[in-house]
Amino acid sequence: MLRSLVGSEMCIRDSINAEYGDQAAQSMPKRKLDDRLQEGCQVILTLCGIEGAEESQVLNKLIQDGFSTEEIQEVTNHLLTSGAVNIFNNTATGQKLLKRQTLDQQAQAKMLAGLGDEELLVLQRVKEAGVNGVWKKTLKIETGLKQSAKFEKALKNLQSKALIKRVCTKNGPKAQTYMLAELDPPESVTGWPWHAEDGMLNVDFINKLRECIIQLVAHKQRATLGDMHKHVTVSGIDHSAELSQQHVSCILEVLMNDNKVETVPSELATGSGQMYRPARLNTDSIGEGVMAMPCGVCPVAKQCKVGGLISPTSCEYLDKWLDF
């Protein structure tokens, strides 16, 4: 950015000398430069605004107001080096645009002006990665900074200036990932809320949510997903108030797969919306594999036969066990 700024500044100077030099020099008697500097800055800042103004438009305005070549150079150099104005390429017209910069943009420009080549290179690649971030190993390869000392120093300096930050992802603490400091990583990157800040699976948090939902369903005997979400968010479990209904739905799905909770058949449900109840066949106490078949604890197993009213071919509990 710093190098493009300098290049743009030289472009303005060339344009002044080539197209407006003689006219500007003869347009007005020489006055105190400090007074003219302030006046010229105000002209450019008013003309540009946040939307910007084309370079030729700005130069023509200064010429019309009687600024000499020296004064125009002094004014543009001051605004560019102070960061009050920056130059951008208008891809639609091919012209250069001068735009006023906000105080935050000016502060960042000054900060960028103090960065070295390695830091600018790393910063650019991190910026390109966006909210997904970039893995440290990938960053080192793509920037071509093979010397570890220079690469590590660039990372350290950029973090100390609060330009980039390291974020923990669901891939674990060893997968060091970096992104711009002002960005917030999405759940797809961090794995929140199921992964802790160090990137590891938050088993304790998940188990607390499981027990919270199981207790609610056991107490009410009938509960909707909305009931569960409301109960979880006021449970007092850390970060539970931040959970969405979709998050609670994920826990509910796990509980159904673990045969802790089951859906209430539509003909037995009351009210609107899908309802859930404690699973009537809980196989936790009878082991795994064949011994975990629901047939082992089914109260009507003796009446079960193919073609009968109670049949293995129409048993929803056997179907769930087979699917699992």
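For the structure given in this document, a descriptive report is provided here.

The rules we used
- Residues numbered from 1 in each chain as written.
- Predicted model: local features only at pLDDT ≥ 70, side-chain atom pairs only at ≥ 80, totals over all residues.
- Heavy atoms only, no water.
- Phe/Tyr/Trp six-rings, centres within 6.5 Å; stacked < 30°, edge-to-face > 60°.
- Helix = DSSP H or I, 4+ residues; strand = E, 2+ residues; numbered from the N terminus.
- Buried < 20%, exposed > 50% of the residue type's maximum accessible area, 1.4 Å probe, protein only.
- Salt bridge = Lys/Arg side-chain N within 4 Å of Asp/Glu carboxyl O.

Before going further, it helps to examine the packing of aromatic side chains. Scanning the entire structure with this criterion turns up 1 aromatic pair. Note on W194 and F205: the rings are 6.4 Å apart at their centroids and 35 degrees apart in plane angle, and the pair reads as tilted. In this pair, W194 is assigned in the loop between α9 (187-190) and α10 (203-220) and F205 in helix α10, connecting sequence segments 11 residues apart. The exposure class assigned to W194 is buried, which follows from its relative accessible area of 17%. For F205, a relative accessible area of 6% gives the class buried.

To continue, consider the pattern of salt bridges. Scanning the model with the defined rule gives 8 salt bridges in all. A salt bridge links K136 to E152, with the nearest nitrogen and oxygen atoms 2.9 Å apart. Within this pair, whereas K136 is found in helix α7 (residues 136-143), its partner E152 is found in helix α8 (residues 148-160), the two being separated by 16 residues in sequence. Exposure remark for K136: the relative accessible area of 19% places this residue in the buried category. Accessibility expressed as a relative area gives 36% for E152, which makes it partly exposed. The partner of D204 in a salt bridge is K208, with the nearest N and O atoms 3.4 Å apart. Pair noted here: D204 and K208 are both in helix α10, with a separation of 4 residues, about one helical turn. Residue D204 is classed as partly exposed on the basis of its relative accessible area, which comes to 48%.

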